[in-house]
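This is what each chain is made of:
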Amino acid sequence: MLDNLKKILNEDQDPKAIEKITAKLDNLLMSNEEVGYIAVQKKPAVNMFPDSIVVTNKRIILCKPKNLGLSMEFIDYDWDDIGASFVKEGILGADFTFSTKSDLTHTVDYLPKNQARKLYTFAKEQLDLLKHPKVESPVQEQPKADAVIEEPQVIAEAEVVEEVITEEVTNYAEIIPVEHSGYRDEKQFPDDRSGLAELSQDELFEKLQNYKKLLDNGLILQGEYDALKKEILSHM
């Protein structure tokens, strides 16, 4: 109530009068009911016991002091019973009038114009909500993901690799040169030897290493390796 009181007060209202009204409203408000605005009369001559009008999100409450301000009479009307609301501004203030669906009319006069306008605005909003209620879209529950059934993994048996006894070659003259064997690596034995000039230093060094591996594996003869090495070094 105190936080909402700060929003209600403005320069045209008496804080003591508002505080007195809100203190009495504490026991009258229903659950989920919030005060939207409070307007207090400001009569031009004597304004000792002014009437006031309270609008909440559920109803309109008329507050009238009785017995020289020692007691107060409360008359309330639900928004469902309100048919329309009006504001009429004059020289000494404004009149706020609302009518019920049972043809009853109530007017609170001598309201500051600013307060009367705010009352009318709040009443208009509440009546519009009744005519066009907000429809909250239902929250759709997301379908639960189906449980993933893990299939048992079949572990393949390791293949047994039989060792083949290789015969050591002692006569290197029997090794067939690569160029006569029908096998050709286009990167190692390019058809155009002049293409070495277009290779970078790193590529030439890589090619020389490849020839060395072929020599170590017995795939080319020493003479062939020396010739290839000489040709590569001429371009480095």
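Before reading further, recall that the structure is shown in the block above.
As the structure is a computational prediction, the values presented were derived from the model and not from experiment.

(A) A look at the sheet that holds strand 5 (residues 82-89). As summarised here, the arrangement of the three strands in space is 5-6-7, forming an open sheet in which the pairing is antiparallel. Sheet topology places strand 5 and strand 7 (105-111) at the edges, where each strand pairs with a single neighbour. Ignoring strand direction, the axes of neighbouring strands in this sheet form an average angle of 15°. Judged from the seven bridges that link them, strand 5 and strand 6 (residues 94-100) form a sheet pairing that is antiparallel. From the neighbouring strand, Glu89 faces strand 6, where its bridge partner is Ala94. Each of strand 5, strand 6 and strand 7 touches helix 3 (residues 113-131); the most contacted strand, strand 5, lies at about 160° to it.

(B) The arrangement of the sheet that holds strand 2 (residues 52-56) in detail. Strand order in the open sheet formed by four strands is 1-2-3-4, with antiparallel pairing between adjacent strands. Sheet topology places strand 1 (35-40) and strand 4 (71-78) at the edges, where each strand pairs with a single neighbour. Across the sheet, the axes of successive neighbouring strands diverge by a mean angle of 20°, strand direction being ignored. Pairing of strand 2 with strand 3 (residues 59-66), which is carried by four bridges, proceeds in the antiparallel orientation. Each bridged residue has a counterpart across the sheet, and for Ile53 the counterpart in strand 3 is Leu62. Contacting strand 1 and strand 2, helix 3 runs over the sheet at an angle of about 150° to strand 1.

Thresholds, definitions, all that
Residues numbered from 1 in each chain as written. Predicted model: local features only at pLDDT ≥ 70, side-chain atom pairs only at ≥ 80, totals over all residues. Heavy atoms only, no water. Pairing = 2+ DSSP bridges. Helix = DSSP H or I, 4+ residues; strand = E, 2+ residues; numbered from the N terminus. Axes fitted to C-alpha atoms, helices over the stretch in contact; angles between N-to-C directions. Contact = heavy atoms within 4.5 Å.

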